[in-house]
Amino acid sequence: MNASEAAVRDRLTRALRERGDEIADRWVQLQRERAAIDIGEGELREEADSLIVLLGGALNNSEHGMESVVDAHHDLRDAVMELSLRRERSGANPTATSLAILALKDAVLEAVQRDNLDPREMFPAALMINRLLDEAAALSFSAYVERREEIIQRQSRQLLEMSTPVVHLWRQILAVPLIGTLDTARTQVVMENLLQSIQTHEARVAIIDITGVPTVDTAVAQHLMQTVNAVRLMGADCFISGVRPSIAQTIAQLGIDLSTILTRATLADALAAAVEMTGQESPTAGAPTNR
Amino acid sequence: MTDSRPMDVPIIRLGDVLVTGLINELDDKAATAFAEELTERIAAERAKGVLIDISRLEIIDSFVARTLTELSTMARLLGARVIVAGMRPPVAITLAELGLQLAGVETALNAEQGMVALGWRHAPRPPEGGNRRETLG
Amino acid sequence: MLPGPRKGGIDVKLSGERTTAAPTVPPATAGSDAPRGGDTPVTHPVRNDEDLITVRHAVRAATVEVGFGLVDQTRVVTAASELARNAYIHGGGGTVTIEFPRQAGRRGIRLIVHDDGPGIPDVEVALTDGFTTGAGLGHGLGGARRLMHEFEVRTEAGKGTTIRATRWTTQ
């Protein structure tokens, strides 16, 4: 069995080396037929050539078993991952990329067949090709998932960092536009940032805009109340703006008492009220003067 | 209880406003004694306003919170308005999380704004704020 | 300003004669994350409001040592103040032990507040805001719980109360 496997490997290696051009042409053709791939023919051909050479080299190296040929050969592995990345950038979905790699099976098998192989040898050869390229296709898919995972993690980190900006909106007036779900950890970050800014800017009014908060449940309402109370304890006033009708309904249904809290429908309304409260000239009456 | 211990907290009179401050080391007895003395001074001096600077307080627990709330109520009954000024952000956050809202206690960002709210015109920098609230002698 | 046990007798018995166990150093989980190195637990008596000030200083110093930010320091010191006051007002005096647990790379502060008072008849009710039998606004127990990450009350009628409250660093 080992001897026969070695023979099949040898045969495939030879086919990849001697009929490399054919295989590459056929693969490019198949890819263009089967998957809508937006990559130029020249580039596809170049990619095919180098991958076929690497596959041949990997098969020729009999140190590793068939279970993980791709994984064991770093240059081959890198080439597959690079291919996966290139396809993703060209707009191909991960399924199309996997199918493109699997199309190489047909190209190789057709070439091997042309060598007038004994049917008894043909079957193990087909099996080996299958295993090899299935592994490559699976790798391209998991590489795709990994890249997505990375993006998601990076974005959620960035999101948390950027999610609580305190904006100095007007003289003595600060605003925090909240976007996304409010949980305990975020509320605490918001509270700390806001209160620190109130002290730094000697602000008299803070506006918390919840236009971007999708839902308000009991916990979120409680967090909002805490923040408003903390602002008030500092000696500033606090508006909540951007309360959408659906949220107002939820709050009413939950029986949460927000009656002590100053609310406005929009950030603009809240700003106008805040300006009035601080006894300043209305922003709508013209640009702020230095008076 | 009133004069059982020396009063460490000075209460200064400026016109009809009493200005004072709480310090960190205040224990419960001293806090109670302070509240009593302040109430007596409000009555005796017919103060219209009281400014309590708490910018040096590093924590406020439910006892101090209760003292401040009661002080405000008593002062109001005596015709004076109490403003608690200068609460530090960590203290405000902790109080809010404790669920203590200091209901009925007026607050100001710092002593200066508290004095302004009590009717003291802040003379040195007139242009900045524009029209403030009405001033009082 | 430095934390340290006060001299003089403790007017509350905490010795081994008590059948209720719960002496100064914590039972139960003490083994799992026992403090090491300089993180030796320190126990302070609380018999009056002067002791309360000492406890606050000690807890503040401990939170600084563990590396808490200013807001977290304030949370823990405030919780300690509430719990310690409860211990001498309702429990007739007791102790506050400060522990330095570690868990999964995080450091923390654990306050173990013990008294030999009458116990809390209904813990659930006592944890509700507005419940009070002494001075304060009735936010002591429930409020302290909100300021800490872990909070556990053990109480038995006539046999005292032990509260274990822990807060961890965020990282």
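Keep in mind the model is a prediction, meaning the values are calculated, not measured.

Parameters and conventions
- Residues numbered from 1 in each chain as written.
- Chains lettered and ligands numbered in written order.
- Predicted model: local features only at pLDDT ≥ 70, side-chain atom pairs only at ≥ 80, totals over all residues.
- Heavy atoms only, no water.
- Contact = heavy atoms within 4.5 Å.
- Buried area = accessible area lost by both parts, 1.4 Å probe.
- Salt bridge = Lys/Arg side-chain N within 4 Å of Asp/Glu carboxyl O.
- Pairing = 2+ DSSP bridges.
- Helix = DSSP H or I, 4+ residues; strand = E, 2+ residues; numbered from the N terminus.
- Axes fitted to C-alpha atoms, helices over the stretch in contact; angles between N-to-C directions.
- pLDDT = per-residue confidence, 0-100.
- Buried < 20%, exposed > 50% of the residue type's maximum accessible area, 1.4 Å probe, protein only.
- Parallel < 35°, antiparallel > 145°, perpendicular 65-115°, else oblique.
- Left-handed = near helix turned anticlockwise from the far one by under 90°.
- Nonpolar A, V, L, I, M, F, W, Y, C, P; charged D, E, K, R; others polar.
- Patch = residues over 30% accessible without salt bridge, like charges linked within 9 Å, V, L, I, M, F, W, Y side chains within 5 Å.
- Areas by Shrake-Rupley, 256 points an atom, 1.4 Å probe, with all protein chains shown as cover.

It is worth spelling out the interface of chain B and chain C at this point. When the parts come together, some accessible area is lost, and that loss is often what is quoted as the size of the interface. On the chain C side, the residues contacting the 22 residues of chain B number 26 residues. Interface area for chain B against chain C, summed over the two sides, is near 2,100 Å², with a carbon-plus-sulfur share of 53%. Of all residues in chain B, the largest losses of buried area upon contact with chain C belong to Ile59(B), Glu97(B) and Leu98(B), amounting jointly to 26% of the total for that side. Our enumeration of links across chain B and chain C arrives at six salt bridges.

Another aspect to go through is the sheet that holds strand 3 (residues 49-53) of chain B. Residue and element names in this part refer to chain B. An order of 1-2-3-4-5 is seen for the five strands of this open sheet, with the pairing classed as mixed. Each end of this open sheet is capped by a strand with a single partner; those strands are strand 1 (11-14) and strand 5 (106-108). In this sheet, neighbouring strand axes are inclined to one another by 25 degrees on average, regardless of whether the strands run parallel or antiparallel. Pairing of strand 3 with strand 4 (residues 81-85) involves five bridges; the strand directions are parallel. From the neighbouring strand, valine 50 faces strand 4, where its bridge partner is valine 82. Packing of helix 1 (residues 28-45) onto the sheet brings it into contact with strand 1, strand 2 (17-21) and strand 3, and relative to strand 2 it is tilted by some 165 degrees.

Turning to the confidence of the model for chain B, a few remarks are in order. All names here are of chain B. Residues of chain B with pLDDT of at least 70 account for 82%, and the chain-wide mean is 83. Across residues 1-6 the pLDDT falls below 50, and counting only partners more than four positions away or on other chains, this stretch makes seven contacts in the model. Segment residues 126-137 is flagged for pLDDT under 50; beyond a separation of four residues in sequence, or across chains, it makes 15 contacts in the model.

Our focus in this paragraph is helix 3 (residues 89-98) of chain B. When you tally the buried positions in helix 3 of chain B, you get ten out of ten residues, the bulk of the element. Within helix 3 of chain B, the full set of buried residues consists of Pro89(B), Pro90(B), Val91(B), Ala92(B), Ile93(B), Thr94(B), Leu95(B), Ala96(B), Glu97(B) and Leu98(B). Check the buried side of helix 3 of chain B and you find it contacts helix 8 (184-201) and helix 9 (218-234) of chain A, helix 2 (62-77) of chain B together with helix 2 (70-89) and helix 4 (140-147) of chain C. A positive backbone phi angle near 90 degrees is found at Gly99(B), which sits one or two residues after helix 3 of chain B.

On to the pattern of salt bridges, then. Pairing between side chains of opposite charge can happen when their charged atoms approach one another. Counted according to the given criterion, the structure contains 33 salt bridges over all chains. Close ionic contact of Glu45(B) with Arg13(B) constitutes a salt bridge, the shortest N to O distance being 3.5 Å. One end of the pair, Glu45(B), is in helix 1; the other, Arg13(B), is in strand 1, and 32 residues separate them in sequence. On the basis of relative accessibility, which here comes to 22%, the residue Glu45(B) falls in the partly exposed class. A salt bridge links Asp61(B) to Arg56(C); the shortest N-O distance between them is 3.5 Å. Here Asp61(B) is found in the loop between strand 3 and helix 2, whereas its partner Arg56(C) is found in helix 1 (residues 49-66) on a different chain. A relative accessible area of 0% means that Asp61(B) is categorised as buried. Judged by relative accessible area, Arg56(C) falls into the buried class, the value being 10%. Linked by salt bridges that have partners in common, Arg19(A), Glu22(A), Arg26(A), Glu110(A) and Arg114(A) make up one network.

The next subject is the sheet that holds strand 3 (residues 205-212) of chain A. All names here are of chain A. Across the sheet, five strands lie side by side as 1-2-3-4-5; this open sheet has mixed pairing. Edge strands, defined here as strands with exactly one partner in the open sheet, are strand 1 (167-170) and strand 5 (262-264). Each strand of the sheet is rotated relative to its neighbour by a mean of 30 degrees, with strand direction disregarded. Pairing of strand 1 with strand 2 (residues 173-179) involves three bridges; the strand directions are antiparallel. For histidine 168, the partnering residue across the bridge sits in strand 2 and is leucine 174. With respect to the sheet, helix 8 is in contact with strand 1, strand 2 and strand 3, its orientation differing from that of strand 2 by roughly 165 degrees.

Okay, the packing of helix 5 (residues 74-89) of chain A against helix 6 (residues 94-113) of chain A next. Residue and element names in this part refer to chain A. Taken N-terminus to C-terminus, the directions of helix 5 and helix 6 make an angle of 135 degrees; their axes are 9 Å apart at the nearest point. Looking at the two axes, helix 5 sits oblique to helix 6. Helix-helix and strand crossings are classified by hand; for helix 5 and helix 6 the assignment is right-handed. The segment helix 5 lies against helix 6, with Val80, Leu83, Ser84 and Arg87 engaging Thr97, Ala100 and Ile101. The residue makeup of the contact of helix 5 with helix 6, split by class, is four nonpolar, two polar and one charged.

In this assembly, 24 residues from chain B lie in contact with 21 residues from chain A. The contact between chain B and chain A buries some 2,000 Å² in all, and 49% of this surface belongs to carbon and sulfur atoms. For chain B, the biggest contributors to the area lost against chain A are Pro89(B), Ile93(B) and Leu109(B); these three give 27% of the whole. Our count for the chain B to chain A interface comes out at zero salt bridges.

All names here are of chain C. Model confidence for chain C is summarised by a mean pLDDT of 75, while 70% of its residues fall at 70 or above. Within chain C, strand 2 (residues 94-99) carries the highest mean pLDDT (95), whereas helix 3 (residues 123-126) carries the lowest (75). Counting interchain partners and residues more than four positions distant, the pLDDT-below-50 stretch residues 1-37 has 51 contacts. Low pLDDT, under 50, characterises residues 133-138; the stretch is placed with 16 contacts to residues that sit more than four places away or in other chains.

A word on a nonpolar patch on the surface. A surface patch of nonpolar side chains, about 260 Å² in accessible area, is lined by Ile12(B), Leu14(B) and Trp120(B). With respect to the element layout, Leu14(B) can be found in strand 1.

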